[in-house]
Number of protein chains: 2
Amino acid sequence: MSTTAPRGFRAAGVAAGLKSTGAHDLALVVNDGPDDTAAAVFTTNRFPAAPVQWSRQVLSGGRVRAVVLNSGGANACTGPEGFGDTHATAEHAAKELDLGAIDVAVCSTGLIGVRLPMDRLTAGVTAAVAVLSEDGGPDAARAIMTTDSVPKTTVVERDGWTVGGMAKGAGMLAPSLATMLVVLTTDAQVPADVLQAALKQATAVSFERVDSDGCLSTNDTVLVLANGAGGVTPSAAEVVEALTAACTDLAMQLLADAEGSTKDIAITVRGAASVTDALTAGRACARNNLLKTALFGNDPNWGRVLAAIGTTDAAFAPDRVDVTINGVTVCRGGAIGDPREGVDLTGRAISIDVDLGAGSEQATIWTNDLSIAYVHENSAYST
Amino acid sequence: MSTTAPRGFRAAGVAAGLKSTGAHDLALVVNDGPDDTAAAVFTTNRFPAAPVQWSRQVLSGGRVRAVVLNSGGANACTGPEGFGDTHATAEHAAKELDLGAIDVAVCSTGLIGVRLPMDRLTAGVTAAVAVLSEDGGPDAARAIMTTDSVPKTTVVERDGWTVGGMAKGAGMLAPSLATMLVVLTTDAQVPADVLQAALKQATAVSFERVDSDGCLSTNDTVLVLANGAGGVTPSAAEVVEALTAACTDLAMQLLADAEGSTKDIAITVRGAASVTDALTAGRACARNNLLKTALFGNDPNWGRVLAAIGTTDAAFAPDRVDVTINGVTVCRGGAIGDPREGVDLTGRAISIDVDLGAGSEQATIWTNDLSIAYVHENSAYST
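The name recorded for chain A in an unreviewed UniProt entry is Arginine biosynthesis bifunctional protein ArgJ, from Geodermatophilus africanus. Quoted verbatim from the Sequence similarities (unreviewed entry) field of UniProt, the annotation for chain A is "Belongs to the ArgJ family."

Draft legend 1. The overall build of chain A, seen in detail. Each helix and strand in chain A was counted, giving 10 helices and 15 strands. Taken against the 2.2 N^0.38 rule, which gives 21 Å for 383 residues, the C-alpha radius of gyration of chain A at 22 Å falls within 12% of a compact globule. Principal axes of the C-alpha set define a box for chain A whose edges measure 70 × 50 × 35 Å. When burial is assessed residue by residue, chain A has 61% of its 383 residues classed as buried. At a minimum sequence separation of 6, the contacts of chain A that also span at least 24 residues come to 79%.

Draft legend 2. Examining the relation of the copies chain B and chain A more closely. Structural alignment of chain B on chain A gives an RMSD of 0.0 Å, achieved by rotating through 180° and translating 0.0 Å along the axis. In short, the pair behaves as if placed about a two-fold rotation axis. No C-alpha of chain B approaches the rotation axis more nearly than that of B:Ile372, which lies at 2.7 Å. A shared binding surface is used by both copies, with 100% of the interface residues of chain B retained as interface residues in chain A.

Draft legend 3. Highlighting the domain arrangement of chain A. All names here are of chain A. By domain assignment, chain A separates into domain 1 (2-256) and domain 2 (264-379). Taking only C-alpha atoms into account, the centre of domain 1 sits 33 Å from that of domain 2. On the domain 2 side, the residues contacting the 13 residues of domain 1 number 16 residues. Surface buried jointly by domain 1 and domain 2 totals about 1200 Å² across both partners, of which 46% is contributed by carbon and sulfur atoms. Applying the counting rule to domain 1 against domain 2 returns 0 salt bridges.

Draft legend 4. Structural detail: the environment of A:Gly33. All names here are of chain A. Here Gly33 lies in the loop between strand E2 (26-31) and strand E3 (37-42). Take Gly33: its relative accessible area is 7%, and that puts it in the buried class. Among residues more than four places away in sequence, those in contact with Gly33 are Gly8, Arg65, Asn227 and Ala229.

Draft legend 5. Here's a closer look at the environment of B:Ala23. Residue and element names in this part refer to chain B. By the element assignment, Ala23 lies in the loop between strand E1 (9-14) and strand E2 (26-31). Among the residues examined, Ala23 registers a relative accessible area of 32% and is labelled partly exposed. Between the alpha carbons of Ala23 and Thr153 there is a distance of 18 Å; along the sequence they are 130 residues apart.

Draft legend 6. The arrangement of the pattern of salt bridges in detail. Tallying each qualifying case throughout the model produces 26 salt bridges over all chains. Put simply, A:Arg63 and A:Asp103 hold a salt bridge, and the shortest N to O gap is 3.7 Å. Taken together, the residues A:Arg63 in the loop between helix H1 (50-59) and strand E4 (66-70) and A:Asp103 in the loop between helix H2 (79-97) and strand E5 (104-108) connect sequence positions 40 residues apart. The exposure class of A:Asp103 is buried, given its relative accessible area of 12%. Between B:Asp36 and B:Arg63 there is a salt bridge; the shortest N-O distance is 2.9 Å. Of this pair, B:Asp36 sits in the loop between E2 and strand E3 (37-42) while B:Arg63 sits in the loop between helix H1 (50-59) and strand E4 (66-70), and the two are 27 residues apart along the sequence. Put simply, A:Asp36, A:Arg63, A:Arg65 and A:Asp103 are held in one network by salt bridges that share partners.

Draft legend 7. Region of interest: the sheet that holds strand E8 (residues 181-186) of chain A. Residues and elements named next belong to chain A. Taken in spatial order, the 5 strands make up an open sheet running E3-E9-E8-E7-E6, and their pairing is mixed. The open sheet has two edge strands, E3 and strand E6 (152-158), and neither has a second partner. Direction aside, neighbouring strands of the sheet carry axes that sit 10° apart on average. Of the strand pairs in this sheet, E8 and strand E9 (residues 221-226) are connected by 6 bridges, and their pairing is parallel. Looking across to E9, one finds that Val183 is bridged to Leu223.

Draft legend 8. Summary view of the interface of chain B and chain A. Contacts between the two partners involve 56 residues from chain B, matched on the other side by 56 residues from chain A. Interface of chain B and chain A: buried area, both sides summed, is about 4400 Å²; carbon and sulfur atoms make up 63% of it. Broken down residue by residue, the surface that chain B buries against chain A is led by B:Arg46, B:Phe47 and B:Leu290, which jointly contribute 17%. Elements with a minimum of two residues in the side of chain B that touches chain A: helix H8 (289-296), helix H9 (302-309), strand E13 (335-336) and helix H10 (372-379) of chain B.

Draft legend 9. Quick peek at the UniProt feature "binding site: substrate" (unreviewed entry) in chain A. Residues and elements named next belong to chain A. According to UniProt, the feature "binding site: substrate" (unreviewed entry) maps to Thr146, Lys168, Thr179, Glu259, Asn378 and Thr383 in the numbering used here. Residue position: Lys168 is located in strand E7 (residues 161-168). For Lys168, a relative accessible area of 1% translates into the label buried. Reaching out from Lys168, the side chain makes a polar contact with the side chain of Thr109 at a distance of 2.9 Å.

Draft legend 10. A look at the side chain of A:Lys19. Residues and elements named next belong to chain A. Looking at where Lys19 falls in the secondary structure, it is placed in the loop between strand E1 (9-14) and E2. The side chain of Lys19 is buried and forms no salt bridge, while Asp25, the nearest opposite charge, is found at 6.4 Å. At 3.4 Å, the side chain of Lys19 forms a polar contact with the side chain of Ser71. Looking at Lys19, its side chain comes within polar contact range of the main-chain oxygen of Met145, at 2.6 Å. Apart from the residues lying within four places of it in its own chain, the contact partners of Lys19 are His24, Asp25, Ser71, Gly72, Ala143 and Met145.

Draft legend 11. Structural view of H1(A). With respect to burial, H1(A) is a largely interior element, 7 of its 10 residues being buried. On its buried face, H1(A) sits against E3, H2, E5 and E9 of chain A.

Draft legend 12. Molecular detail of the side chain of A:Thr268. Its location among the elements puts A:Thr268 in strand E10 (residues 264-272). Setting aside its immediate chain neighbours within four residues, A:Thr268 contacts A:Ile352, A:Asp353, A:Val354, A:Gln362, A:Ala363 and A:Thr364.

Draft legend 13. Inspection of the nonpolar core at higher detail. With 87 residues, the main nonpolar core has A:Val67, A:Leu69, B:Ile309, B:Val323, B:Ile325, B:Ile352 and B:Leu356 as its most contacted residues. Apart from the residues within four sequence positions on either side, A:Leu69 is in contact with A:Asp25, A:Leu26, A:Ala27, A:Val29, A:Cys107, A:Ile144, A:Met166, A:Leu181 and A:Val183. B:Ala11, B:Val58, B:Val67 and B:Met118 belong to the second largest nonpolar core, which has 48 residues in total.

Draft legend 14. Spatial organisation of unusual backbone geometry. Cis geometry is found at the peptide bond from A:Gly33 to A:Pro34, where omega equals 15°. Along the chain, A:Pro34 falls in the loop between E2 and E3. A positive phi is found at A:Cys77, a non-glycine position, where the angle reads about 55°. Unlike most non-glycine residues, B:Asn75 shows phi in positive territory, near 50°. Looking at the secondary structure, you find B:Asn75 in the loop between E4 and helix H2 (79-97).

Draft legend 15. Broad picture of the sheet that holds strand E13 (residues 335-336) of chain A. Residues and elements named next belong to chain A. On the basis of which strands lie adjacent, the open sheet formed by 6 strands has the order E13-E12-E11-E14-E10-E15 and mixed pairing. Strands with a single pairing partner mark the edges of an open sheet, and in this sheet they are E13 and strand E15 (361-368). Running over the sheet, helix H9 (residues 302-309) touches strand E11 (322-325), strand E12 (328-332), E13 and strand E14 (349-355) and is turned about 135° from E11.

Draft legend 16. Representation of the environment of B:Pro34 in the model. On the accessibility criterion, B:Pro34 (60% relative accessible area) is exposed. When the C-alpha positions of B:Pro34 and B:Asp187 are compared, they lie 9.5 Å apart, and in sequence the two are 153 residues distant.

The rules behind these values
- Residues numbered from 1 in each chain as written.
- Chains lettered and ligands numbered in written order.
- Predicted model: local features only at pLDDT ≥ 70, side-chain atom pairs only at ≥ 80, totals over all residues.
- Heavy atoms only, no water.
- UniProt positions renumbered as here; feature names shortened; annotations may be inferred.
- Helix = DSSP H or I, 4+ residues; strand = E, 2+ residues; numbered from the N terminus.
- Rg over C-alpha atoms; globule rule 2.2 N^0.38 Å.
- Buried < 20%, exposed > 50% of the residue type's maximum accessible area, 1.4 Å probe, protein only.
- Contact = heavy atoms within 4.5 Å.
- Least-squares fit on C-alpha atoms with pLDDT ≥ 70 in both.
- Domains from an automatic or database assignment.
- Buried area = accessible area lost by both parts, 1.4 Å probe.
- Salt bridge = Lys/Arg side-chain N within 4 Å of Asp/Glu carboxyl O.
- Pairing = 2+ DSSP bridges.
- Axes fitted to C-alpha atoms, helices over the stretch in contact; angles between N-to-C directions.
- Polar contact = N/O pair within 3.5 Å; in protein donor to acceptor, adjacent residues only side chain to side chain.
- Lys, Arg positive; Asp, Glu negative; His and termini not counted.
- Core = buried A, V, L, I, M, F, W, Y, C linked by side-chain atoms within 4.5 Å.

As structure tokens, this is what we get:
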């Protein structure tokens, strides 16, 4: 049921003609209240797309009544004209829904540097309003897909309240989120400051630890809307727990559907002096093309793990580092461990465990392999 | 003539049986004096290979009489035993050449985490000593190849003195050098401190600005040996100029032969507040897999240039950035410029010019595209 699983939300997904394929490309999520509390996390890219600039303004008030999302064009690097397009989108949706434009967040995804066909987009918004439904969540989730092969949705049930959500993203996954759009909804009653803090905590250990290809998009947005329709007021800790569960579920779906990937790789760095060190070392592995191609080729090339970690400033002594791949400790004390022939990499799931031998902290980064299909998909994206 | 172009150097390349293909895999370069001044730049990877650890000790005296280089095994992450193997290699070569072990630098390249077959290696050193020749430079250059498709050599003639050199490297090119071995020779008379300063300057604007895949190897070494055999003492500036010419020539050969590449890409960042900013922005582009795959696909996807630069902390205002690809200014003021259809990317050479509009400094980073052949080569390397 996606974003319409909690009470008091309606959604829709329609084909506005933004995608040349005729697939659904415009989604609308509406919060029917009574509350309209909202929080968001946006890309840190210094070229934020027009919809990110707009939605930041909307969210500064901590309130959102509706979200318009389109695929088929990112509306990024489109200058003041592009910002005007986003503003016009919000104005149009607000008019159709009897709201103010400042109540309407906008998200876009697709090719950078191309203006959106506004006549089609506004007609699509009108069409979406006409079919808004309490069962519309799955349609909305389908309409935000780009290179995704499947829609991503989640439902987390708690005691008298629910979190629902949808995500799109199949590449450019990186820290601080990347080419991913997420809308979460809940019928719990949550003050805006509690919601914002909880969302930040939840994304920090989920989306921000998925590092598919190290690329950071101009459009990434995670939104959460809370309407209190269930009359339940969970504690701050309960909100964090439920949002983390929803975000982790969606993050793992993004990972499993990453462009052209054949492996889901969990890199756990233990024995670190700090969580930051563990994350730094894990990310260095997740972004090392030589390691990622080796794993695509079922090659337990642990030397590339060490070479990657050796470029970081994490605290460790080279002769105390162990590396275990799918249960086989192929490297002990920075040198040769058990035979690499014992490592079975034929499945989709790969675990790389690195022990830095420098402390007691740990963290896990998730990534994918670098495959021939990844290159093929991304070399043919805009042409 | 490679390393034997200057007077007073002999070299050899032989098949020691380290490579299963039977190809030449062991090289020897000997300096016959009168001087034995030397300087070096090594990898900054925190897992330096045994030969790097050894050669650092040798170079600490500023003197080198001979260099043994092997392909077919990197001798990295092999623990104290691996260091013992390198030490034994130097001892053996020293004995054959009537030198001390501390006069002999060692370089290795190949798979990480595997011990070298020392019986074959020492027999190979003996065989190489037997065929040392003043014409042996090209043989030595062939013996250090791994995935290189051609040997790389250079000769720079100056007024009464010469710089010769050889390089190997066809992947893992990155700042601070990567999976590259370089030996330069000169018959000029140069004090060790002048030679070291000149080499550092020369590598900073050549090898360290080639960023093929962002990966930094455990074995990178650039050595220069000066014997004064020509009796000429050039100025410090003349040494910098000649070494820079030799290093740039070899760096461009490495770029042209990068694993599986179909494009040589020069990313020039102008209008930067500092050279550091220009390099940071250029490297962010050079390491962006989405941009590199787009260029492989002949797609002038300038949005990915901005998205890459947007992840950096370089000084710029987003609405003042221009991007020109192969002469067409596709992005002006951070927004849409001339039509991308006008960009011809069918050739091998691609120039990306970014103007940050924030100052008057500039720098160029060279890289390659990310191709299907790159993935194929690197997924099948150790298996």
